[in-house]
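# Reading the structure
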Amino acid sequence: MKLGIVGLPNVGKSTLFNSLTKAGAESANYPFCTIDPNVGVVAVPDERIDKLTALYNSKKTIPAVIEFVDIAGLVKGASKGEGLGNQFLANIREVDAIVHVVRCFEDTNVIHVDGSIDPIRDIETINYELIFSDVEILERRIAKTTRGARNDKALAKELDFQQRMKAFLEEGNLAIKYETEDEDELAWLAEYNLLTYKPVIFAANVSEDDLADDGNSNPHVEAVRKFAAENGSEVFVISAEIEQEISELDDDEKQMFLEDLGISESGLDKLIKASYSLLGLISYLTSGEDETRAWTIKKGTKAPQAAGKIHTDFERGFICAEVVAYKDLIECGSLAKAKEKGLVGLQGKDYVVQDGDVITFRFNV
Ligand code: GDP
C-alpha cells in the first residue's frame, strides 16, 4: 500500500515525511525497501504484535507497513507540463491514496507561495492541477474510444460516459464526487486510475498551541473540516514540527512529551492508522517461536487469499486455517487453553478473515 504526500511548497510536507521515515520501520526487514529517498516504509503501530511476541517468545517481530511517497513540487501549472510538473502527477497516479498537507499555522518566518494562509485556496490550487490532468487523461481515452465506437454498442456507451465525466470534471468537480451505481461506470472509474478518484486524507498542519484542542480554535482547521466533509475526505490535525521533535525521542520520552502537550497519540500514529482504515485494510497475525508478524489484507479477504500474502503456495495448497481471535488468545494465555475452551476454530476456504485473527494455515505442498 502506497500513500502519496502532496501539498503546495512550504506547507510542511518534507518535515512530515522526514519524521515519518525517522520513526519508520527497520528497513533491513523489508527487502522491497528501495533506496529512493522519496519513499519511506513505515510500520503500522500495533500493540498486539508486541503482546504476541512476549506470549510466544518470538525471535523477531515484524509489523505491517505502509509506504509513503513524498511528492514534492506540485505547483500551480504542473498539469500544463511546466517544469517537472507532469512527472509529479505521474507519481501520484501510482499511489493508492493521497495525504494532502495543508498549512494552517501562522509563522511570518515561513513564506507562503501565495502570500497568505488560506487552506481552502491552497486545496483548490492543487485540486485544479489534479482535475486538469484527469481531463487530459479522458481526452486521450475519448480519442481512442471514438475510433471504435461507431460499430460497437459497448464502446458507444463508454464514449458517452467518458464525455459526461470530462464535462463533470470541467465544472470543477472531483471524480470521486460522481455518483453512480452503474456497474460499467464503476468498473471504468476503477480502470482509468484518475487522480481525483483516489481517497484523500487532509493533514492540517498547525502550530504546537493548536494541538491540545485538536485544532478546534483554529478557523483554518474548521474550514478544512467543512471542505473535507463536503468532499468525502477525512481530516486530522498534526504539527509537522512537533512530529519531527517526537521522531527523535525514544518510546518513554515520547510518552512524556505527548502528555506535556496534552495529547494521547502522536499525529503520525493517527495518520498511519487513519490511512489504514481509509483504504479498508485490516491485519491478521501469525505468531510462533521464529517470528510474530502482522499481515495486511483488504477487509473481506477470504482465508486462502490471506494465506497467499505469506506465500503463493499457501494459497494454492490451502487446506484450512486454524483461527483464534487475538483477544481470546491473550485472555486464555496460551493456544492450548484457548483450544480447551473451544475458542480455536478450523476454517475453510470461504472464511472471511477478521482483523486481529491469529492464524496458522494448513496447506499441501
Ligand atoms: P514543504 O515544502 O511542504 O516540504 O515544506 P517543509 O517541510 O520544507 O517546511 C517549510 C518550512 O516550514 C520549514 O522551514 C519548516 O521548518 C516550516 N514548518 C513546517 N511545519 C511547521 C509547523 O508545523 N510550524 C511552523 N511554525 N513551521 C513549520
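Residues numbered from 1 in each chain as written. Predicted model: local features only at pLDDT ≥ 70, side-chain atom pairs only at ≥ 80, totals over all residues.

## Points about the overall build of the chain
The helix and strand inventory of the chain stands at 14 helices and twelve strands. Dimensions of the chain along its principal axes, counting C-alpha atoms only, are 65 × 65 × 35 Å. Across the chain, every contact between residues at least 6 apart in sequence was considered, and the portion connecting residues at least 24 apart equals 69%. (Helix = DSSP H or I, 4+ residues; strand = E, 2+ residues; numbered from the N terminus. Contact = placed C-beta atoms within 7 Å.)

## What to know about helix α4 (residues 119–149)
Along an α-helix, residues three or four positions apart point the same way, because every turn accommodates 3.6 residues. Compared with the 45 Å implied by 1.5 Å per residue over 31 residues, the 43 Å span of α4 between its first and last C-alpha is a close match. Taken residue by residue, α4 has Pro 119, Asp 122, Ile 123, Ile 126, Glu 129, Leu 130, Ile 131, Ser 133, Asp 134, Leu 138 and Thr 145 as its buried positions. (Expected span 1.5 Å × (residues − 1). Buried ≥ 20, exposed ≤ 12 C-beta atoms within 10 Å, placed from the backbone.)

## Structural notes on the packing of α4 against helix α7 (residues 219–230)
Contact pair α4 / α7: the axes reach a minimum separation of 9 Å and the direction vectors enclose 40°. Comparing their axes, α7 and α4 come out oblique. Seen from α4, the contacting residues are Pro 119, Ile 120 and Ile 123; seen from α7, they are His 220, Ala 223, Val 224 and Phe 227. (Axes fitted to C-alpha atoms, helices over the stretch in contact; angles between N-to-C directions. Parallel < 35°, antiparallel > 145°, perpendicular 65-115°, else oblique.)

## Observations regarding the sheet that holds strand β2 (residues 39–43)
Pairing within the open sheet is mixed, and its six strands lie in the order β2-β4-β1-β5-β6-β7. Of all strands in the sheet, those with a lone pairing partner are β2 and β7 (234–238), marking the two edges. The mean inter-strand angle of the sheet, taken between neighbouring strand axes irrespective of direction, is 25°. Where strand β1 (residues 2–6) lies against strand β5 (residues 97–103), four bridges are found, and the strand directions are parallel. Bridge pairing links Ile 5 to Val 99 in β5. Seen against the sheet, helix α1 (residues 13–22) touches β1, β2, β4 (65–70), β5, β6 (200–205) and β7 and runs at an angle of roughly 150° to β4. Along the sheet, helix α10 (residues 267–278) makes contact with β1, β2, β4, β5, β6 and β7, crossing β7 at roughly 165°. (Pairing = 2+ DSSP bridges.)

## Topic: the confidence of the model for the chain
Mean pLDDT over the chain stands at 88; residues scoring 70 or higher make up 93%. Here residues 25–35 is a poorly scored stretch, pLDDT under 50, and it has 13 contacts once near neighbours within four places are set aside; other chains count. On the interface metric, ipTM, the complex scores 0.94, and its pTM is 0.84. (pLDDT = per-residue confidence, 0-100.)

## Things to note about the environment of Thr 146
Along the chain, Thr 146 turns up in helix α4. Thr 146 sits 178 residues away from Val 324 along the chain, and the two C-alpha atoms are 54 Å apart.

## Observations concerning the environment of Thr 15
Tracing the backbone shows Thr 15 in helix α1. For the pair Thr 15 and Ile 242, spaced 227 residues apart in the sequence, the C-alpha separation amounts to 9.5 Å. Once residues lying within four places of it in the same chain are set aside, the contact partners of Thr 15 are Ala 240, Glu 241 and Gln 244.

## What about helix α11 (residues 303–310)?
Within α11 the residues assigned to the buried category are Ala 303, Pro 304, Ala 306 and Ala 307. In an axial view of α11, the angular spread of the buried residues amounts to 160°, which keeps them on one side of the axis. Contact partners of the buried residues in α11: β8 (281–287), β9 (291–298), α12 (312–316), β10 (318–325), β11 (345–347) and β12 (357–363). (Arc of directions from axis to C-beta.)

## With respect to unusual backbone geometry
We note that Asn 10 has phi near 70°; this positive angle belongs to a residue other than glycine. The backbone of Asn 193 shows a phi angle near 55°, a positive value even though the residue is not glycine. Inspection of the secondary structure puts Asn 193 in the loop between α6 (183–192) and β6. Overall, Asn 193 belongs to the exposed group, with 12 C-beta atoms counted inside 10 Å.

## Focus on the nonpolar core
Counting residues in each nonpolar core, the largest one holds 76 residues, and the members touching the most others are Ile 5, Phe 202, Ala 203 and Ala 204. Aside from chain neighbours lying at most four places away, what touches Ile 5 is Lys 13, Leu 16, Phe 17, Phe 68, Val 69, Asp 70, Ile 71, Val 99 and Val 101. (Core = buried A, V, L, I, M, F, W, Y, C linked by C-beta atoms within 7 Å.)

## Some details on the packing of α4 against helix α5 (residues 153–170)
Where α4 contacts α5, the axes come no closer than 9 Å and their chain directions differ by 160°. In terms of axis orientation, α4 runs roughly antiparallel to α5. Regarding α4 and α5, the two cross each other, and that crossing is left-handed. Counting all contacts with α4, which are made through Ile 131, Asp 134, Val 135, Leu 138, Glu 139, Arg 141, Ile 142, Thr 145, Thr 146, Gly 148 and Ala 149, the residues of α5 involved are Leu 155, Ala 156, Glu 158, Leu 159, Gln 162, Gln 163, Met 165, Lys 166, Leu 169 and Glu 170. Here the residues of the contact of α4 with α5 are counted per class, giving ten nonpolar, five polar and six charged. (Left-handed = near helix turned anticlockwise from the far one by under 90°. Nonpolar A, V, L, I, M, F, W, Y, C, P; charged D, E, K, R; others polar.)

## As for the site of the ligand
What surrounds the ligand is a group of 17 residues, the closest being Gly 12, Lys 13, Ser 14, Thr 15 and Ala 240. Elements supplying a minimum of two residues to the shell around the ligand: α1 and α8 (240–246). Top element by residues in the shell around the ligand is α1. It accounts for three residues. Residue classes in the shell around the ligand are distributed as six nonpolar, eight polar and three charged. (Near = placed C-beta within 6 Å.)

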